Each structure stands twice: as C-alpha cells, then as structure tokens.
Amino acid sequence: GSAEGLVEKIGDTAGACRLFYPDELAHLLEKTAIENASFARFLTRAFYESEIDLTVSKRKQLSFNARLTVAGGTVDDQFETLFGSVSTGGLYDRFLFGKCPSGFQYLWRPLDEVVPVIALQDDGSTRAVAVHVERSVFEERDRWIQSGISPRVAELSLRVATICASLDERRNLTADALGPAYALAQYQTRVRAFLKPN
C-alpha cells in the first residue's frame, strides 16, 4: 500500500532481484496517485538505483537494497486513470506495455509444470551470465532514435536484450543480435499510441 510498506517487506537483500507481482496493478497505481504519496517517486528511483534509504514517520530509518521488477496488468478502460498525472513524472516511461488483441477472452486452466525464468543449475547457481554491451549496440540505438523510437523505449528494449543475452549465456551483446529488441521497440511505440496516461 505504500513505498514504506514495500521497502519494509523487501528490505536489504544485498542487491538480489525481487519481483513484485500484484497481478492486478490497480491498487498499486491508485496508491501512487494519493496526494503527497512518495510511492511513484520511489518506484521511479528504484528503476535505476538498487540502494535507497528512507526516513519515514517518527524518523524511522528504512533501508532498501534490491533490484526490483514490478509486473501486472489492468483493464484498458482504467489505464488512463491509473497512469494519471503523477505517472507522467517518469513512472509511465519506465513500464513495458502489452495489449491483448480485440475479442481476447481469458480461459484459465491449471498448468502441468511451471518452468522458472532463470534455470537453476545442480549446484544452485543460475544460468545467467554477465554481459558486455558493445559500442555497436549504442550506435544502433542512436539509429533507432533517429527513426522515431523514443530514447526511453530504446533503453527499455536494450535492457530486455541484455537480459535475454544473459539467459542465453552470451557474454557479448552486439548490434547484429538486436533484431528482436528493435521489434520490441517498434511494438512499444505502437502500443503507447493507445495506452496513454492522464
């Protein structure tokens, strides 16, 4: 319900990854819109910083040290309200969006098996590796921006490309591997024409 509550719950994980997945984002985004609430600013800051110290009521100190991902969904007709004026300060720009096709109907069925995103090895380590992003990637990004992709969308798409390279155990990310990232950037540009804040 608040930045303070989230920081208290997650705490100091020594920079480990944490996924905050409330499923339905309406409650979270409504909390960011409360007048004088710090939640939107906290989430915007956590996009780049993993270590954040907060002073909350009665001068209580809280420490946050985690790489945070927020995931969830909402219905189309609530989008512009949930991503209201407070989100235009940067929160909206830090989200990746997807839109269900017209006529989509969700039909749930139990899964036989859930495969983790990051596969654990027998020794407990993950398959992900550190990735060096080569200069050619940024030159390609500059071409995207010249073609009309916003700098923030280009950044988000390169982040996804780096994560994919890490999980594929490719230690170098080069411009010639950016085809899927460019397709994502183009999709984000199209979907943002429909999903607008405020």
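Please refer to the structure higher up on the page.
A quick note: this is a predicted structure, and the numbers were derived from the prediction, not measured. (Residues numbered from 1 in each chain as written. Predicted model: local features only at pLDDT ≥ 70, side-chain atom pairs only at ≥ 80, totals over all residues. Heavy atoms only, no water.)

Undergrad: Hey, could you run me through the sheet that holds strand β2 (residues 51–55) in this one?
TA: By definition, the strands of a sheet pair up through backbone hydrogen bonds, in either a parallel or an antiparallel sense. The 3 strands are arranged β1-β3-β2 in an open sheet whose pairing can be described as mixed. Each having just a single partner strand, β1 (12–24) and β2 make up the two edges of the open sheet. Across the sheet, the mean angle separating the axes of adjacent strands is 50 degrees when strand polarity is ignored. Relative to strand β3 (residues 61–73), β2 is paired through 5 bridges, and the arrangement is antiparallel. Pairing of Asp53 across the sheet is with Ser63, part of β3. Contacting β1, β2 and β3, helix α1 (residues 3–10) runs over the sheet at an angle of about 105 degrees to β3. The strands touched by helix α3 (residues 39–46) within the sheet are β2 and β3, with β3 carrying the most contacts at an inclination of about 90 degrees. (Pairing = 2+ DSSP bridges. Helix = DSSP H or I, 4+ residues; strand = E, 2+ residues; numbered from the N terminus. Axes fitted to C-alpha atoms, helices over the stretch in contact; angles between N-to-C directions. Contact = heavy atoms within 4.5 Å.)

Undergrad: Explain the pairing of β3 here, please?
TA: As a general feature of sheets, a regular strand has side chains that alternate between the two faces. Relative to β3, β1 runs parallel, the two sharing 7 bridges. Each residue of the ladder has a partner; that of Asp23, found in β3, is Gly72.

Undergrad: Honestly, unusual backbone geometry in this entry has me stumped. Any pointers?
TA: Note: most peptide bonds trans; most residues except glycine with negative phi. Here Ala14, not a glycine, exhibits a phi torsion of approximately 60 degrees, which is positive. Relative to the assigned elements, Ala14 resides in strand β1. Overall, Ala14 belongs to the exposed group, its relative accessible area being 69%. (Buried < 20%, exposed > 50% of the residue type's maximum accessible area, 1.4 Å probe, protein only.)

Undergrad: Can you help me understand the nonpolar core in this one?
TA: One recurring pattern in soluble globular proteins is that nonpolar side chains are buried together. Among the nonpolar cores identified, the biggest contains 29 residues, and Phe42, Leu43, Phe64, Leu68 and Phe97 are the most heavily contacted of them. Listing elements by their share of this core, those giving two or more residues are α1, α2 (26–32), α3, β2, β3 and α4 (76–82). Ranked by residues supplied to this core, first place goes to α3 with 5 residues. Among all residues touching Phe97, those that are not within four sequence positions of it are Phe79, Phe83, Tyr92, Tyr187, Gln188, Val191, Arg192 and Leu195. (Core = buried A, V, L, I, M, F, W, Y, C linked by side-chain atoms within 4.5 Å.)

Undergrad: How should the pattern of salt bridges be read in this particular structure?
TA: Any two side chains of opposite charge can pair, given that their charged atoms come close. All chains considered together, the criterion is met by 8 salt bridges. When the shortest N-O distance is used, the salt bridge between Arg152 and Glu155 registers 3.2 Å. Taken together, the residues span about one helical turn, with Arg152 and Glu155 both in helix α6 (residues 151–167) at a distance of 3 residues. The exposure class assigned to Glu155 is partly exposed, which follows from its relative accessible area of 21%. Ionic pairing is found between Glu155 and Arg159, a salt bridge with its closest N-O pair at 3.4 Å. Residue Glu155 and its partner Arg159 are located together in helix α6, separated by 4 residues, close to a single helical turn. The exposure class assigned to Arg159 is partly exposed, which follows from its relative accessible area of 33%. In the salt-bridge network here, residues are joined through shared partners; they are Arg152, Glu155 and Arg159. (Salt bridge = Lys/Arg side-chain N within 4 Å of Asp/Glu carboxyl O.)

Undergrad: Teacher, can you tell me more about the environment of Tyr182 here?
TA: Along the chain, Tyr182 turns up in helix α7 (residues 179–191). Residue Tyr182 is classed as partly exposed on the basis of its relative accessible area, which comes to 27%. In sequence terms Tyr182 and Ala161 are 21 residues apart; their C-alpha atoms lie 9.3 Å from each other.

Undergrad: I'm lost on the packing of α1 against α3 in this one. Help?
TA: Pairs of packed helices are described in terms of their axes, by the angle between the two and the distance that separates them. Interhelical geometry of α1 versus α3 gives an angle of 45 degrees and a closest axis separation of 8 Å. As the angle between them shows, α1 and α3 are arranged oblique. Residues Ala3, Leu6 and Val7 of α1 lie in contact with α3, whose contacting residues are Phe39, Phe42 and Leu43. (Parallel < 35°, antiparallel > 145°, perpendicular 65-115°, else oblique.)

Undergrad: Help me understand the packing of aromatic side chains, please; the structure alone is not making it clear to me.
TA: Applying the stated criterion across every chain yields a total of 11 aromatic pairs. Through successive ring pairs, a cluster of aromatic residues spans Phe79, Phe83, Tyr92, Phe95 and Phe97. Arg159 extends its terminal NZ or CZ atom over the ring of Phe47, reaching a point 4.0 Å from the ring centre. Above the face of the Tyr92 ring, Arg192 is positioned so that its terminal group lies 5.3 Å from the ring centre. (Phe/Tyr/Trp six-rings, centres within 6.5 Å; stacked < 30°, edge-to-face > 60°. Lys NZ or Arg CZ within 6 Å of the ring centre and 35° of its normal.)

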